[in-house]
Amino acid sequence: MHRKLRLRNRADFSRIYRGGKSFANGQFVVYWSKQPAAEPFRLGVSASKKIGNAVVRNRMRRVVKEIVRLNAERIAPHVDLILIVRKPAVEMKTKELEKSVIHVLKRAGLLKVRT
């Protein structure tokens, strides 16, 4: 994922948590807010210490970023979003994780409508 597509600073995360909307499923929580400057979108991935050690957390972040990168053309533009990894996601295979990420984004209304 390109550096310009990542949410990195604490102020952005706080703004989205405070003023954004959220949806969740068993494996992920997504917070998002509209951001006209985000072209096409910006992503932050959060994995707490509850899900495992640093190796596990970093692997989950890498896998989620790759899933989003591969599905980037489907995600609505001008949105800042944060994906939070929940513990059940650690046990899942990449294909199952991809389905789960797509599901939570679809529930949140963050996927483009296919024409």
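Here goes a summary of the coordinates provided. This one's a predicted model, so the numbers in the text were calculated from it and none came from an experiment. (Residues numbered from 1 in each chain as written. Predicted model: local features only at pLDDT ≥ 70, side-chain atom pairs only at ≥ 80, totals over all residues. Heavy atoms only, no water.)

Brief notes about the overall build of the protein
Here comes step 1: For the protein, the helix and strand inventory stands at three helices and four strands.
Here comes step 2: Reading the protein from its N end, one meets helices and strands in the order α-β-β-β-α-β-α.
Here comes step 3: In terms of overall size, the protein behaves like a compact globule, its C-alpha atoms giving a radius of gyration of 13 Å where 115 residues would be expected to give roughly 13 Å.
Here comes step 4: Across its three principal axes, the protein shows a C-alpha extent of roughly 35 × 35 × 25 Å.
Here comes step 5: Across the 115 residues of the protein, 40% fall into the buried class.
Here comes step 6: Long-range pairs, those at least 24 residues apart, make up 78% of the contacts in the protein between residues at least 6 apart in sequence.
Here comes step 7: A total accessible area of about 7,000 Å² is found for the protein, and carbon and sulfur atoms account for 52% of it.
Here comes step 8: One way to put it: in the protein the 28 positive side-chain charges average out to a point 5 Å from where the 8 negative ones average out. (Helix = DSSP H or I, 4+ residues; strand = E, 2+ residues; numbered from the N terminus. Rg over C-alpha atoms; globule rule 2.2 N^0.38 Å. Buried < 20%, exposed > 50% of the residue type's maximum accessible area, 1.4 Å probe, protein only. Contact = heavy atoms within 4.5 Å. Areas by Shrake-Rupley, 256 points an atom, 1.4 Å probe, with all protein chains shown as cover. Lys, Arg positive; Asp, Glu negative; His and termini not counted. Charge placed at Lys NZ, Arg CZ, Asp CG, Glu CD.)

What to know about the pairing of strand β1 (residues 21–24)
Here comes step 1: In this sheet, strand β2 (residues 28–34) lies alongside β1 in antiparallel orientation, the contact comprising four bridges. Each bridged residue has a counterpart across the sheet, and for Ala-24 the counterpart in β2 is Val-29.
Here comes step 2: Between the antiparallel neighbours β1 and β2 lie three residues. (Pairing = 2+ DSSP bridges.)

Some details on the packing of helix α2 (residues 54–70) against helix α3 (residues 94–108)
Here comes step 1: Direction vectors running N to C along α2 and α3 enclose 60 degrees, while the axes themselves pass 10 Å from each other. Taken together, the axes of α2 and α3 are oblique relative to one another. As α2 packs across α3, the resulting crossing turns out to be right-handed. For the pair α2 and α3, the contacting residues are Met-60, Val-63 and Ile-67 in the first and Thr-94, Leu-97, Glu-98 and Val-101 in the second.
Here comes step 2: Looking at the contact of α2 with α3 residue by residue, the classes come out as five nonpolar, one polar and one charged. (Axes fitted to C-alpha atoms, helices over the stretch in contact; angles between N-to-C directions. Parallel < 35°, antiparallel > 145°, perpendicular 65-115°, else oblique. Left-handed = near helix turned anticlockwise from the far one by under 90°. Nonpolar A, V, L, I, M, F, W, Y, C, P; charged D, E, K, R; others polar.)

Topic: the pattern of salt bridges
Here comes step 1: Within the structure shown, the criterion is met by six salt bridges.
Here comes step 2: For Arg-69, the salt bridge identified is with Glu-66, shortest N-O distance 2.7 Å. Placement of both Arg-69 and Glu-66 in helix α2 is noted, with a separation of three residues, approximately one turn of the helix.
Here comes step 3: A salt bridge links Glu-98 to Lys-95, with the nearest nitrogen and oxygen atoms 3.7 Å apart. Residue Glu-98 and its partner Lys-95 are located together in helix α3, separated by three residues, close to a single helical turn.
Here comes step 4: Within this structure, Asp-12, Arg-15, Arg-42 and Asp-80 form a network of salt bridges that share partners. (Salt bridge = Lys/Arg side-chain N within 4 Å of Asp/Glu carboxyl O.)

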